[in-house]
Each structure stands twice: as structure tokens, then as C-alpha cells.
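Here is how the chains run, residue by residue.
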Amino acid sequence: MKKNVRMLAVALSVIFLALALVACAPQSDPDKAKAALEKNGYTAIKTNGYVSGVVSAIFGGESTIDATVTATKDIQDADGNTTKTESITIIYYKTSDAAKEAWKSWSKADQEKYEVAKCSGKMIYWGTKAAVKAAS
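Note that this is a predicted model, so its numbers are computed, not measured. (Residues numbered from 1 in each chain as written. Predicted model: local features only at pLDDT ≥ 70, side-chain atom pairs only at ≥ 80, totals over all residues. Heavy atoms only, no water.)

## Description of the overall build of the chain
For step 1, the next point in the chain: Within the chain one finds six helices and five strands.
For step 2, the next point in the chain: Across the chain, helices and strands are ordered from the amino to the carboxyl terminus as α-α-β-α-β-β-α-α-β-β-α.
For step 3, the next point in the chain: The long-range fraction of contacts in the chain, counting pairs at least 24 apart against all pairs at least 6 apart in sequence, stands at 54%.
For step 4, the next point in the chain: With the model as given, the accessible surface of the chain reaches about 9,100 Å², and the carbon-plus-sulfur share is 58%. (Helix = DSSP H or I, 4+ residues; strand = E, 2+ residues; numbered from the N terminus. Contact = heavy atoms within 4.5 Å. Areas by Shrake-Rupley, 256 points an atom, 1.4 Å probe, with all protein chains shown as cover.)

## Remarks on the pattern of salt bridges
For step 1, the next point in the chain: Counting across every chain of the model gives six salt bridges.
For step 2, the next point in the chain: Between glutamate 86 and lysine 84 there is a salt bridge, with the nearest N and O atoms lying 3.6 Å from each other.
For step 3, the next point in the chain: Residue classification places glutamate 86 among the buried residues on the basis of a relative accessible area of 8%.
For step 4, the next point in the chain: With a relative accessible area of 36%, lysine 84 lands in the partly exposed category.
For step 5, the next point in the chain: Put simply, Lys84, Glu86 and Glu115 are held in one network by salt bridges that share partners. (Salt bridge = Lys/Arg side-chain N within 4 Å of Asp/Glu carboxyl O. Buried < 20%, exposed > 50% of the residue type's maximum accessible area, 1.4 Å probe, protein only.)

## A look at the environment of methionine 123
For step 1, the next point in the chain: Within the secondary structure layout, methionine 123 lies in strand S5 (residues 123–127).
For step 2, the next point in the chain: C-alpha of methionine 123 to C-alpha of proline 30: the two residues are 93 residues apart in sequence and 9.8 Å apart in space.
For step 3, the next point in the chain: Excluding residues that lie within four positions of it along the chain, methionine 123 makes contacts with Ala25, Pro26, Gln27, Ser28, Ile90, Ile91, Tyr92, Ala99 and Lys118.

## Structural notes on the packing of aromatic side chains
For step 1, the next point in the chain: Scanning the model with the defined rule gives four aromatic pairs in all.
For step 2, the next point in the chain: Aromatic side chains tryptophan 106 and tyrosine 114 sit 6.3 Å apart centroid to centroid with 50° between the ring planes, which places their arrangement in the tilted category.
For step 3, the next point in the chain: Aromatic side chains tryptophan 106 and tryptophan 126 sit 5.0 Å apart centroid to centroid with 55° between the ring planes, which places their arrangement in the tilted category. One end of the pair, tryptophan 106, is in the loop between helix H4 (96–104) and helix H5 (108–111); the other, tryptophan 126, is in strand S5, and 20 residues separate them in sequence. Each member of the pair, tryptophan 106 as well as tryptophan 126, is classed as buried.
For step 4, the next point in the chain: Among the aromatic side chains, those forming a connected cluster through ring pairs are Trp103, Trp106, Tyr114 and Trp126. (Phe/Tyr/Trp six-rings, centres within 6.5 Å; stacked < 30°, edge-to-face > 60°.)

## Brief notes about the nonpolar core
For step 1, the next point in the chain: Of all hydrophobic cores here, the largest spans 18 residues; its most connected members are Leu37, Ile88, Ile90, Tyr92 and Tyr125.
For step 2, the next point in the chain: Listing elements by their share of this core, those giving two or more residues are helix H2 (30–39), strand S2 (65–76), strand S3 (82–93), S5 and helix H6 (129–134).
For step 3, the next point in the chain: Grouped together as the second largest cluster of nonpolar side chains are 10 residues, Ile91, Ala98, Ala102 and Ala117 included. (Core = buried A, V, L, I, M, F, W, Y, C linked by side-chain atoms within 4.5 Å.)

As C-alpha cells, this is what we get:
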């Protein structure tokens, strides 16, 4: 009986840890991320990979970007003065390998410019913690 309870406790711990880690990343679908940001009061813009495809074609390459989502939100004090701007940029790549390859070009100094800067699956995102949470 004790063994079953321990196994159940370990299994639940692993599940909750996995859910906590997944909740820290933006939505994996650009349309859902944009909708989540707008629902949380952000001004969000989504661009398709078409723009990057045109630029890549001009310069003789193939675009690996599928879409981008950029959003901002001004935080104001009681007097209506802007005290902070929350922001996020998410780049969705066509493959996770393309995202990992692009992430390799980020130096540690580049990553430290932002509260959050990560590569997760097919996306690279950076911005403030509150904006990342809002995009989840």
C-alpha cells in the first residue's frame, strides 16, 4: 500500500513539474499566442513567414521562419504615467532544427539583455516575464 502511494506521489509530482515548465513558454501556435496576448491587454501584431520569404528570396536564400508575433503593453501608475513597458517577440520557425540553428547565433550577452530569452521547440522568444506569461 505504501509503495503504491509513493508511486502515485512521484507520478503526480512529475506531471505537475511538466505542466509548470510548459506554462512558462508562449503558445506554440502564433494565432493562439496573439489571441492570448490581446486577451491580456497587449497590442499584438502577427506576421506570416511570407515577409521573411520575400527578403530571403531577394538575397538568394530560403526562409526558415514561419511567423512572428510581437506585442507590447504599457503599465501605468495611479496618475496615468507609464512606469514600464512589457513586451515580447516570438519567432516561429518551420522546424525545431531551424530554431536551434538560429539560437546558436545568440551570445550569452544577447540573452542577458532580456528578462527572458529562450529557444523552445520551433520558436525563439524574448521579452519580459509578464509578457511571456501573458502569451501562454
